[in-house]
Amino acid sequence: MEATRYELLGPLQIRNEKPVRISAPKVEILLAALLIRANRPVSAEELISEIWGDDRPSRVRAGLHVYISQLRKICIGPEGRGAVITTHAHGYVLRVDDSLTDVHDLQQLHARGRADQADQPERAFVSFTAAAALFRGPVLAGIRDGDIVSTFIRWAEEMRLECLESIARCSLRTGRHRELVCDLTNWIDEHPFHEAFRELLMLALHLSGRRAEALREFQCARRLMREELGLEPSETMRQLQNAILNDRRDLVVAG
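Computed from a predicted structure; not experimentally measured.

Criteria and thresholds
Along each chain, numbering runs from 1 in the same order as the chain's sequence is written. Residues qualify for local features only when their pLDDT is at least 70, as the model is predicted, and side-chain atom pairs are given and counted only at 80 or more; totals for whole chains, interfaces and linings, by contrast, use all residues. Remark: hydrogens and water are excluded; side-chain values derive from all non-hydrogen atoms of the structure. Only protein chains enter the area calculation, which uses a 1.4 Å probe; residues under 20% of their type maximum are buried, those over 50% are exposed, and those in between are partly exposed. Strands are runs of DSSP state E lasting at least two residues, helices are runs of H or I lasting at least four, and both sets are numbered from the N terminus onward. Only strands joined by at least two bridges in the DSSP assignment are considered to pair. Pairs of residues are marked as contacts when any of their non-hydrogen atoms sit within 4.5 Å. Orientation is described by axes fitted as lines to C-alpha atoms, over the contacting stretch for helices, and by angles from 0 to 180 degrees between their N-to-C directions. The term nonpolar core refers to a set of buried residues drawn from Ala, Val, Leu, Ile, Met, Phe, Trp, Tyr and Cys, joined through side-chain atoms within 4.5 Å. Working definition: rings of Phe, Tyr and Trp (its six-membered ring) pair if their centres are within 6.5 Å, and the pair is stacked with planes under 30 degrees apart, edge-to-face with planes over 60 apart, and tilted otherwise. By definition here, charges over rings are those cases where NZ of Lys or CZ of Arg is within 6 Å of the ring centre and within 35 degrees of the ring normal. Only one rule defines a salt bridge in this text: a Lys or Arg side-chain nitrogen within 4 Å of an Asp or Glu carboxyl oxygen. To obtain the arc, one takes the directions from the helix axis to the C-beta atoms. Any pair of nitrogen or oxygen atoms within 3.5 Å is treated as a polar contact; in protein, a donor-acceptor pairing is required on top of that, and neighbouring residues in sequence qualify only through side-chain atoms on both sides.

### Some words on the pairing of strand S6 (residues 91-95)
Within S6, four of the five residues are buried, which leaves it mostly tucked inside the rest of the structure. In this structure, strand S4 (residues 42-43) lies alongside S6, joined through two bridges in antiparallel fashion. The residue bridging Ser43 from the neighbouring strand is Gly91, located in S6.

This is how it looks when you write it as structure tokens:
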């Protein structure tokens, strides 16, 4: 029987033989906060703030203790192979083997991709693709975003964007520019102001022999940025436009 796994890169879930979702919102917030800070103490005050914000009930610490007791019954996996919540001098610690969390898998795959990116883009592509696939949807979807949760969500989204950018760069360096166009178009629909995706799409189109479309993509980006942000495209995007206008075929993709 496999050990219990804990997944934060999407709706929060515990997975034994099948995924388990926590139905009580405050217990779900508590588990999310403790998992984000796994193997580190989290003060009772931080947990109270995360769960209740400024709308604290009377006897709030007693309420926290009740939720901790409920969570202890949920977290421990089959035959004890899962997380354990221990009491700390000023709060609680969720102790868990790092390898049982999807966040650990993300960090390992990302680090492996970074190590291979310069010299072995094919291997890096595999690692970054596996890392991006760990995201099952919006990170911690539906959970009230206190300080701990909101900080984690921002970090996770930045990691996802970095993985997607790296997938695109590895794809271009290994001749997958035609296949990449569709992915980049979808990612831009999701993140319309992410300039790196726009630049990579321009390059993928140009290398696919679709020079006019690459130049139209620049005009589309410039129009959107002017209308929505009052800004001009970055210097690197303008330089790329100029290189495409001159039909340069020797453009180098940064690692």
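### Some points on the sheet that holds S4
Paired through their backbone hydrogen bonds, the strands of a sheet run either parallel or antiparallel. Strand order in this open sheet of three strands is S4-S6-S5, and the pairing throughout is antiparallel. Here the strands that pair on one side only, and so sit at the sheet edges, are S4 and strand S5 (84-88). By the bridge criterion, five bridges tie S5 to S6 in an arrangement that is antiparallel. Looking at the pairing, Thr86 lines up with Val93 of S6. Its contacts with the sheet place helix H1 (residues 25-36) against S4, S5 and S6, and it is angled at close to 70° to S6.

### Re the nonpolar core
What tends to happen in soluble globular proteins is that the nonpolar side chains get buried as a cluster. Counting 79 residues, the largest nonpolar core has Leu34, Leu64 and Leu140 as its most contacted members. The element contributing the most residues to this core is helix H6 (residues 147-173), with twelve residues. Among all residues touching Leu34, those that are not within four sequence positions of it are Val42, Leu47, Ile68, Leu71, Ile85, Tyr92 and Leu94.

### Details of the packing of aromatic side chains
To describe a pair of aromatic rings, you give the distance between the ring centres and the angle between the ring planes. Following the criterion strictly, the structure yields three aromatic pairs and no others. Lying across the ring of Phe125, Arg176 places its NZ or CZ 4.1 Å from the centre.

### Examining the pattern of salt bridges
Scanning all chains against the criterion turns up 14 salt bridges. A salt bridge links Glu190 to Arg160, with the shortest nitrogen-to-oxygen separation between them at 2.9 Å. Of this pair, Glu190 sits in helix H7 (residues 177-190) while Arg160 is found in helix H6, placing the two residues 30 residues apart along the sequence. Residue Arg226 pairs with Glu232 through a salt bridge whose shortest N-O separation is 2.7 Å. What you see here is one network of salt bridges that share partners, running through Glu7, Arg15 and Arg136.

### Quick look at unusual backbone geometry
Even without glycine at this site, Asn39 takes up a positive phi of about 65°. Mapping Asn39 onto the fold places it in the loop between H1 and S4. Under the relative-accessibility criterion, Asn39 is labelled partly exposed at 32%. Here the phi dihedral of Asp247 falls at roughly 55°; this positive angle occurs in a residue that is not glycine. Relative to the helices and strands, Asp247 is located in the segment after helix H10 (235-245). Note on Asp247: relative accessible area 37%, which makes it partly exposed.

### Considering H10
For H10, the set of buried residues is Met237, Leu240, Gln241, Ala243 and Ile244. Along H10, the residues classed as buried sweep out an arc of 160° about the axis, all on the same side. Considering only its buried residues, H10 is in contact with helix H8 (195-207) and helix H9 (211-229). Looking at the residues trailing H10, positive phi occurs at Asp247, about 55°.

### Section: the sheet that holds strand S3 (residues 19-20)
With respect to topology, three strands assemble into an open sheet ordered S1-S2-S3, the strand pairing being antiparallel. Of all the strands in the sheet, just strand S1 (5-7) and S3 have a single pairing partner and so form its edges.

### As for the environment of Arg5
With respect to the secondary-structure elements, Arg5 resides in strand S1. Relative accessible area serves as the criterion here: at 16%, Arg5 is assigned to the buried category. The spacing of Arg5 and Thr101 is 96 residues in sequence and 5.8 Å in space, taken between C-alpha atoms. Reaching out from Arg5, the side chain makes a polar contact with the side chain of Asp105 at a distance of 2.7 Å.

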